[in-house]
Amino acid sequence: MGSATGGALMGAVQDFTDFVTTSSHWWGERGIIHRSVEHMRLSGASVLAGGLIAIPPALVLGHGKRGGFLAQSIVNIGRAVPSFAILALLFPLALEYGFGLGFWPTFGALVLLAIPPMFTNTFVGVRGVDPSIVEASRGMGMGPGQVLFRVEAPIARPLIVTGVRIAAVQVVATATLGAFVGFNGLGSYINEGFRQQDDGKLLTGAVGVAILAFLTELFFSLVAGRATPWLASDRRPDVVVPEDVLTMKGISE
């Protein structure tokens, strides 16, 4: 049993090596490069759209500290519904209204997947800012918009970036489902590998998605480090609040 399993594993690895070392498999519309670019394009567009939908209302609701529970409950429905089920619902609608196969039904499903972590983290981050800092900022003459964008949002920035990172990694991994509705991304290798019993294609898709997810995680880790340098040093956050307010809260050096 062990010998047979080891032999099958080595055979799969050899098929993968043969596939990725064949130059013709890298070029053209079915090539590794094209499918990787398409996978990244779909993922990036989905995260961007999800952020534009989720983050602005989460900032407003977190600042006002009301209506958040209802909004979170509605958004979190997306966590209870599998992405494949959403894709299956959007697919016939995309055909009926002329959006076609591939990109658009997958895009819709991924946007819905991206919204919950970005909304939740942004809302919690802004709502959780110390009320005394907010009150002191208002006492110094700041209006609601200034308090939100110059005090609350910068303090909440670590959680906001974390929400975007979680959403991005989930979207990159889940974009493979687009292969079932005709999207020509890395998931196509996985789908074709299963149907054709081709371990080379299957592993190419799986390894490619894993690499993209790792690079996405690494990218947002670097972004978080640059966006929140005070977490790794003695620098204070770039919050534009008068010095005496910061001193009062122990934020200043």
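Keep in mind the model is a prediction, meaning the values are calculated, not measured. Every chain's residues receive numbers from 1 upward, in the order its sequence appears when written. Reporting of local features is limited, given that this is a predicted model, to residues whose pLDDT is at least 70; pairs of side-chain atoms are given and counted only at 80 or more, and all residues count toward the totals for whole chains, interfaces and linings. Side-chain calculation: all heavy atoms of the structure are included, whereas hydrogens and water are not.

Chemist: Tell me about the overall build of the protein, residues and numbers included.
Modeler: When its secondary structure is counted, the protein shows 11 helices and 0 strands. For the purposes of this entry, the term helix denotes a DSSP run of H or I that reaches at least four residues, the term strand denotes a run of E that reaches at least two, and both are numbered from the N terminus. When the helices and strands of the protein are listed from N to C terminus, the series reads α-α-α-α-α-α-α-α-α-α-α. Counting all 253 residues of the protein, 42% fall into the buried class. By definition, residues are in contact when any of their heavy atoms lie within 4.5 Å. Considering only contacts in the protein between residues 6 or more positions apart, those separated by 24 or more positions represent 74%. Buried means the residue's accessible area, taken with a 1.4 Å probe over protein chains only, is under 20% of the maximum for its type, while exposed means over 50%, and partly exposed covers the values in between.

Chemist: Could you give an account of the side chain of Ser 46, with specific residues and numbers?
Modeler: Among the secondary structure elements, Ser 46 is positioned in helix 2 (residues 32-64). On the basis of relative accessible area, Ser 46 is assigned to the buried category, the value being 0%. Filtering out sequence-adjacent residues up to four positions away, Ser 46 remains in contact with Phe 107, Leu 110, Val 111, Ala 114 and Val 171.

Chemist: With reference to specific residues and values, describe the pattern of salt bridges.
Modeler: Whenever a carboxyl oxygen of Asp or Glu lies within 4 Å of a side-chain nitrogen of Lys or Arg, that contact is scored as a salt bridge. Under the definition given, this model contains 7 salt bridges. We note a salt bridge from Glu 135 to Arg 138, for which the minimum N-O separation is 3.1 Å. Within this pair, Glu 135 and its partner Arg 138 are both found in helix 7 (residues 131-139), separated by 3 residues, close to a single helical turn.

Chemist: Go over helix 7, please, and point to the residues and values.
Modeler: Of the positions making up helix 7, those classed as buried are Ile 133, Val 134, Ala 136 and Ser 137. Taken around the axis of helix 7, the buried residues stretch over an arc of 165°, which confines them to a single face. Away from its buried face, by an angle of more than 90 degrees, helix 7 presents the exposed residues Pro 131 and Gly 139. Directions from the helix axis toward the C-beta atoms define the arc.

Chemist: Before we move on, could you go through the packing of helix 7 against helix 8 (residues 144-174) and cite the residues and values that matter?
Modeler: Between helix 7 and helix 8, whose axes approach to 11 Å, the crossing angle comes to 155°. The angle between helix 7 and helix 8 places the two elements in the roughly antiparallel class. Two packed elements cross with a definite hand, and for helix 7 against helix 8 that hand is right-handed. For the pair helix 7 and helix 8, the contacting residues are Ile 133, Val 134, Ser 137 and Arg 138 in the first and Val 147, Val 151, Glu 152 and Ile 155 in the second. Classifying every residue of the contact of helix 7 with helix 8 gives 5 nonpolar, 1 polar and 2 charged. Between N-to-C directions, angles span 0 to 180 degrees; the directions come from axes that are lines fitted to C-alpha atoms, helices contributing only their stretch in contact. Any angle that is under 35 degrees is reported as roughly parallel, and any over 145 degrees as roughly antiparallel; angles of 65 to 115 degrees are reported as roughly perpendicular and all others as oblique. In this scheme, a crossing is called left-handed if the near helix is turned counterclockwise away from the far one by less than a right angle; it is called right-handed if the turn is clockwise. Three residue categories are used. Nonpolar comprises Ala, Val, Leu, Ile, Met, Phe, Trp, Tyr, Cys and Pro, charged comprises Asp, Glu, Lys and Arg, and polar comprises the others, including Gly.

Chemist: Hey, could you go over the nonpolar core for me, with residue numbers and the actual values?
Modeler: Counting residues in hydrophobic clusters, the biggest one holds 31 residues, and the most contacted among them are Leu 42, Leu 59, Met 118 and Phe 119. Those elements that place two or more of their residues in this core are helix 2, helix 3 (68-75), helix 6 (103-127) and helix 8. A total of 11 residues in this core trace back to one element, the largest contributor, which is helix 6. For Phe 119, the contacting residues outside a window of four places in its chain are Ala 54, Pro 57, Ala 58, Leu 61, Ala 71, Gln 72 and Val 75. Residues grouped as a nonpolar core are buried Ala, Val, Leu, Ile, Met, Phe, Trp, Tyr and Cys residues, joined through side-chain atoms within 4.5 Å. Ranked by size, the runner-up nonpolar core spans 8 residues in total, among them Phe 19, Val 172, Val 209 and Leu 212.

Chemist: Talk me through the packing of aromatic side chains; I want residue IDs and the actual numbers.
Modeler: Whether two aromatic rings pair depends on their centres lying within 6.5 Å, for rings of Phe, Tyr and Trp, where Trp uses its six-membered ring; planes under 30 degrees apart make the pair stacked, over 60 edge-to-face, and the rest tilted. Evaluated as defined, the whole model comprises 7 aromatic pairs. A centroid spacing of 5.4 Å and a plane angle of 85° characterise the contact between Trp 104 and Phe 107, whose relative ring orientation is edge-to-face. Residue Trp 104 and its partner Phe 107 are both found in helix 6; the two are separated by 3 residues, about one turn of the helix. According to the relative accessible area criterion, Phe 107 is buried, its value standing at 17%. With a centroid separation of 6.3 Å and an interplanar angle of 5°, the aromatic rings of Phe 119 and Phe 123 are classed as stacked. You can see Phe 119 and its partner Phe 123 sitting in helix 6, 4 residues apart, about one turn around the helix. Within the aromatic cluster, the residues linked to one another by ring pairs are Phe 103, Trp 104, Phe 107 and Phe 183. A positively charged side chain is recorded as over a ring if its NZ (Lys) or CZ (Arg) lies within 6 Å of the ring centre. The angle to the ring normal must also be within 35 degrees. The side chain of Arg 35 reaches across the aromatic face of Tyr 189, ending 4.5 Å from its centre.

Chemist: Mind laying out the packing of helix 6 against helix 8, listing which residues take part and the relevant values?
Modeler: The contact between helix 6 and helix 8 brings their axes to 7 Å, and the two run at 155°. Considering the angle they form, helix 6 stands roughly antiparallel to helix 8. Relative to helix 8, helix 6 is oriented so that their crossing is right-handed. Split into classes, the residues belonging to the contact of helix 6 with helix 8 amount to 15 nonpolar, 7 polar and 1 charged.

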